[in-house]
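Observations on the model geometry
Each chain, letter by letter, is given below.
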Protein chains: 2
Amino acid sequence: MSFDRLIEKIIETKNPTVVGLDPRLEYVPEYLQKRYLDDDGWSLKAASRAIFSFNKLIIDEICDIVPAIKPQAAYYEMYGHHGVKTLERTIRYAQLKGMYVITDGKRNDIGATMEAYATAHLGSVKIGENEIEPFGADALTVNGYLGTDGIDPLLKICKERDKGIYVLVKTSNKSSGELQDKLIDGTPIYAVMGDMCEKWGEDTIGKYGYSAVGAVVGATYPQQLAELRQRLPHTMFLVPGYGAQGGGAEGLKGAFDDNGLGAIVNSSRAVMCAYQKEGCDERDFAKAARREVIRMRDDITSYINLK
Amino acid sequence: MSFDRLIEKIIETKNPTVVGLDPRLEYVPEYLQKRYLDDDGWSLKAASRAIFSFNKLIIDEICDIVPAIKPQAAYYEMYGHHGVKTLERTIRYAQLKGMYVITDGKRNDIGATMEAYATAHLGSVKIGENEIEPFGADALTVNGYLGTDGIDPLLKICKERDKGIYVLVKTSNKSSGELQDKLIDGTPIYAVMGDMCEKWGEDTIGKYGYSAVGAVVGATYPQQLAELRQRLPHTMFLVPGYGAQGGGAEGLKGAFDDNGLGAIVNSSRAVMCAYQKEGCDERDFAKAARREVIRMRDDITSYINLK
């Protein structure tokens, strides 16, 4: 009912990073694309199967050194229900390989509808005698604009099933400040949202001091990262924006506590497309992903004190 | 590139309402559930097929008198990728029957990821030589917490393909005020978000005066509805919370302009489960839905001046 399971994997692998699996068909090497070409040309199903194969080979190469993956729902929905099936299969395969899975869906709604999202992504649905997990991720990113009504159904499932959520607090994009930096009685909205995370999580704090309610805080805003780390002592951070979006490793220091915990840093495209950047044989794409993951781990851990 | 297509259907049917198709298996009458029972007991696939059949029969009964449906993505995701397939089929079937479809997904993200959502729900994806619409809805609800970066990719598709979006402004739930009512320099956040909708929509205004960027404003807050109608003259409202959530028809008056346009009011459970409330034969569920839709239309139009 906290993020202990994830934190233990971070300690075990000595690696506070997560690989974002946000695949587009264009990222899949051609030899692998061709293997799934349907007789009747390309279809959403063929694309989705090629993408699963791509994900699987990357997971195989990184599962011993990376604690978690973060599939982004948008890239799977882009291939319709076949893509969504690939999301399901990716989640299950990564868990089978011992990884923790954070579905990045930024879901949000109220009451019974939020319950349906919570059930879909973290829970199980009862169908006659059967109890089935539709997606079965370990954690889900959510948007807190609707307030407590939108979070309560998630907390219930987090407690019952040892799951977690990450609430958008300060996002990594350029225009995130349009709303998030505006002041309410002198306090920026992102800090108000952060305070809500502390409150939502208060009775789910685990043995490392972090609750089941984390916050998404972008690597592109190092000052806010450090400020929020101080302000939100029980809120674990999911940090996008490292690398591709311009956030450097040194700026991430402030996201971590004195034990090198309290944050997990995401990288997506730099890992998935490492083979393109390296210019290596496309058949080595998964090995290139592994090399990038190691480079990233060493880069980030050189600034923190993870025991 | 505005909401003209929807507004024309509203005028044609003289009915500014939309039916939320947010089905749970429990809503499906038993006789219909049984028809889809798999040999190996209930599965996500069987449940999803039963739900599609339920949706289809309701659509058949209401398509001549209701301009639009609003399927809520959460209830389809709850049945995994099979449920998502039912979402696809429901969208296509309703469009085939001449209805406008608003997918209620409250999606949100930035840059390339938001582009993927926009492509998934409103656009088309290129796979080899093929250009395929994964979901192909007419409009999508979205959450604007991330600012302009999260909206721009949608605007592009709205313009290219004559689609629309509804941005969460003031939601219908009890705790919506926790964040949305907080003041920024004396202006509540929901009004700031509303102003952003006006701005995002400014170059997509159609012949009825409304842009392609609408706002979600709950029926449960009649004062804010009326205030926002004045403040946001080019922003069409999608109004949830009528009936079940406690918003009455009289309170909705303020959501409409002098021509009875500018808003569309949603009802979900009261329509889907009308047969339970009526206590009629469950085989008449779709006819009961039609009766409820007519009741709702007459209730709401008695307060407005729709020509």
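My aim in this report is to walk through the structure given alongside it, one point at a time. (Residues numbered from 1 in each chain as written. Chains lettered and ligands numbered in written order. Predicted model: local features only at pLDDT ≥ 70, side-chain atom pairs only at ≥ 80, totals over all residues.)

**Digging into the overall build of chain A**
Along the backbone of chain A there are 13 helices and 12 strands. Taken against the 2.2 N^0.38 rule, which gives 19 Å for 307 residues, the C-alpha radius of gyration of chain A at 19 Å falls within 12% of a compact globule. When the backbone C-alpha atoms are referred to their principal axes, chain A occupies close to 60 × 50 × 35 Å. (Helix = DSSP H or I, 4+ residues; strand = E, 2+ residues; numbered from the N terminus. Rg over C-alpha atoms; globule rule 2.2 N^0.38 Å.)

**A word on the environment of Tyr190 of chain A**
Residues and elements named next belong to chain A. One can find Tyr190 in helix 9 (residues 189-201). Along the chain, Tyr190 and Gly243 lie 53 residues apart, while their C-alpha atoms are 23 Å from each other. For Tyr190, the contacting residues outside a window of four places in its chain are Val169, Lys170, Gln180, Asp181 and Gln224. (Contact = placed C-beta atoms within 7 Å.)

**Here we look at the pairing of strand 12 (residues 263-267) of chain A**
Residues and elements named next belong to chain A. Among the five residues that make up strand 12, five are buried, leaving the element largely enclosed by the rest of the structure. Across the two faces of strand 12 the burial is the same, with Ala263, Val265 and Ser267 and Ile264 and Asn266 all buried. In this sheet, strand 12 lies alongside strand 1 (residues 17-21) in parallel orientation, the contact comprising three bridges. Bridge pairing links Val18 to Asn266 in strand 12. Taken together, the three bridges between strand 11 (residues 237-239) and strand 12 define a ladder with parallel strand orientation. The partner of Phe237 across the bridge, within strand 12, is Ala263. (Buried ≥ 20, exposed ≤ 12 C-beta atoms within 10 Å, placed from the backbone. Pairing = 2+ DSSP bridges.)

**A short note on the packing of helix 6 (residues 111-121) of chain B against helix 7 (residues 152-161) of chain B**
Residues and elements named next belong to chain B. For the pair helix 6 and helix 7, the least separation of the axes is 8 Å and the interaxial angle reads 35°. Two packed elements cross with a definite hand, and for helix 6 against helix 7 that hand is right-handed. In contact with Met114, Glu115 and Ala118 of helix 6, helix 7 contributes Pro153, Leu154 and Ile157. Residue composition of the contact of helix 6 with helix 7, grouped by class: five nonpolar, no polar and one charged. (Axes fitted to C-alpha atoms, helices over the stretch in contact; angles between N-to-C directions. Left-handed = near helix turned anticlockwise from the far one by under 90°. Nonpolar A, V, L, I, M, F, W, Y, C, P; charged D, E, K, R; others polar.)

**Here we look at the interface of chain A and chain B**
In this assembly, 54 residues from chain A lie in contact with 54 residues from chain B. In terms of residues, the side of chain A that touches chain B owes the most to one element, helix 6 (residues 111-122) of chain A, which gives six residues. Looking at the side of chain A that touches chain B residue by residue, the class counts come to 25 nonpolar, 18 polar and 11 charged.

**A few points about the sheet that holds strand 11 (residues 237-239) of chain B**
Adjacent strands of a sheet pair through backbone hydrogen bonds, lying either parallel or antiparallel. Residue and element names in this part refer to chain B. Overall, parallel pairing links the eight strands, which are arranged 1-2-3-6-7-10-11-12 in a closed barrel. Looking at each pair of strands side by side, their axes are set apart by 30° on average, direction ignored. Relative to strand 6 (residues 139-142), strand 3 (residues 100-107) is paired through three bridges, and the arrangement is parallel. Bridge pairing in strand 6 links Arg107 to Val142.

**Examining the pairing of strand 10 (residues 213-217) of chain A**
All names here are of chain A. Counting buried positions along strand 10 gives five out of five residues, so the element sits mostly inside the fold. Residues Val213, Ala215 and Val217 line one face of strand 10 and the alternating positions Gly214 and Val216 line the opposite face, and both faces are buried. One ladder, built from five bridges, connects strand 7 (residues 164-170) with strand 10; its direction is parallel. Bridging from a neighbouring strand, Ile165 pairs with Val213 of strand 10.

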